[in-house]
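Letter by letter, the chains look like this.
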Amino acid sequence: ADRIVIKVGTSTLIHQNSKVRLSVIDKLAHVLSTLKKDGKDVVLVSSGAIGAGMGVLHLGKRPVKISQQQAVSSIGQAELIQIYNEALHKYNMCAAQMLITKDVIDYPESHTNVMNSFQELLAMDNTIPIVNENDAVTVSEMDHLTKFGDNDQLSAIVTNLIDADLLIMLSDIDGFYNANPLKNPNARLISQIDHITPNIITAAGGHGTKFGTGGMTTKLKAAERILKHHQQMVLANGKDPEIIFNILSGDPIGTLFT
Ligand code: ADP
């Protein structure tokens, strides 16, 4: 794969106590920089803004009010990008922050503009675009109108937009199981999925962790979008981001949607 989108989930980036996992970000920066230096086009879609903001503000739980979540997200986004940038600088790379909304697929003008930005950024040697949904301007109550809903689907949309070969989705779980492993100790990992069946949707039921918002349901929606566009997605565990190297060298890791 020469053009890769990597999505990291909140559960991978943020401790339960809302502290940013600096070692994960350091390793991510190393992997992304190495791929970029190898001539690959890489885009990172990073969640974790609300979690990081909760850490900055010492909040024990996620605020309920949407406007408060938006405020916390703005604070956390600044913190996260700063951490990414510091990590990337060690490898002579810099972050390009791209906060986008669903407008980019709904409005031709927005679409053109975001495509132009991606094109310029991907042509640069020392830059890693880091994408997140622009929480300050999207409004959750109007979900279907303005929000992607989550970064899982956002990452699939970005993968479609820039015509990437592969979306690597890193979460806190080794892949897609035939049942939620947290609830079912006999759950088995499914190594390849080429078609999202009703049984698979049932296996994804329910939400995930304290911070992660989508659970497997939104990951399956992302996978559906990827398959529809004849692209590929790998869902794998992000606790050690070096796993990206193994995935790219073709090792059977996690769940391949193809
Ligand atoms: P992220 O923050 O990485 O986006 P989430 O916490 O939203 O991740 O979703 C991952 C969680 O989804 C897993 O930790 C697991 O508890 C849950 N889950 C539910 N069903 C499944 C399944 N069939 N296979 C794997 N994980 C599942």
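Refer to the structure presented above.
Every value quoted in this text rests on a predicted model; they were computed, and no experiment measured them.

> Where do I start with the site of the ligand in this structure?
Surveying the vicinity of the ligand reveals 25 residues, the closest of which are Ser-171, Asp-172, Tyr-177, Gly-215 and Lys-219. Between an oxygen atom of the ligand and a main-chain N or O atom of Thr-10, the distance comes to 3.4 Å. Here a nitrogen atom of the ligand and a backbone polar atom of Tyr-177 are 2.9 Å apart. Burial of the ligand by the protein amounts to 98% of the accessible area it has alone, namely 580 Å². Contributing elements (two or more residues each) for the shell around the ligand: α1 (10-13), β5 (166-171) and α10 (215-228).

> Looking at this structure, how should I read the environment of Gly-175?
Structurally, the position occupied by Gly-175 is in the loop between β5 and β6 (192-193). Linking Gly-175 and Leu-256, residues 81 residues apart in sequence, is a C-alpha distance of 8.6 Å. Apart from the residues within four sequence positions on either side, Gly-175 is in contact with Leu-189, Leu-235, Gly-254 and Thr-255.

> What exactly am I supposed to notice about the sheet that holds strand β4 (residues 127-133) here?
Through backbone hydrogen bonds, the strands of a sheet pair up, either in parallel or in antiparallel fashion. As summarised here, the arrangement of the eight strands in space is β3-β4-β2-β1-β5-β7-β8-β6, forming an open sheet in which the pairing is mixed. The sheet terminates laterally at β3 (94-100) and β6, the two strands that pair on one side only. One ladder, built from two bridges, connects β6 with strand β8 (residues 255-257); its direction is parallel. Looking at the pairing, Ile-193 lines up with Phe-257 of β8. Where helix α2 (residues 22-37) meets the sheet, its contacts fall on β1 (3-8), β2 (41-46) and β4, and the angle it forms with β2 comes to roughly 155°. Lying over the sheet, helix α4 (residues 66-89) contacts β1, β2, β3 and β4, oriented at roughly 150° with respect to β3.

Calculation criteria
- Residues numbered from 1 in each chain as written.
- Predicted model: local features only at pLDDT ≥ 70, side-chain atom pairs only at ≥ 80, totals over all residues.
- Heavy atoms only, no water.
- Near = heavy atom within 4 Å.
- Polar contact = N/O pair within 3.5 Å; in protein donor to acceptor, adjacent residues only side chain to side chain.
- Areas by Shrake-Rupley, 256 points an atom, 1.4 Å probe, with all protein chains shown as cover.
- Helix = DSSP H or I, 4+ residues; strand = E, 2+ residues; numbered from the N terminus.
- Contact = heavy atoms within 4.5 Å.
- Pairing = 2+ DSSP bridges.
- Axes fitted to C-alpha atoms, helices over the stretch in contact; angles between N-to-C directions.

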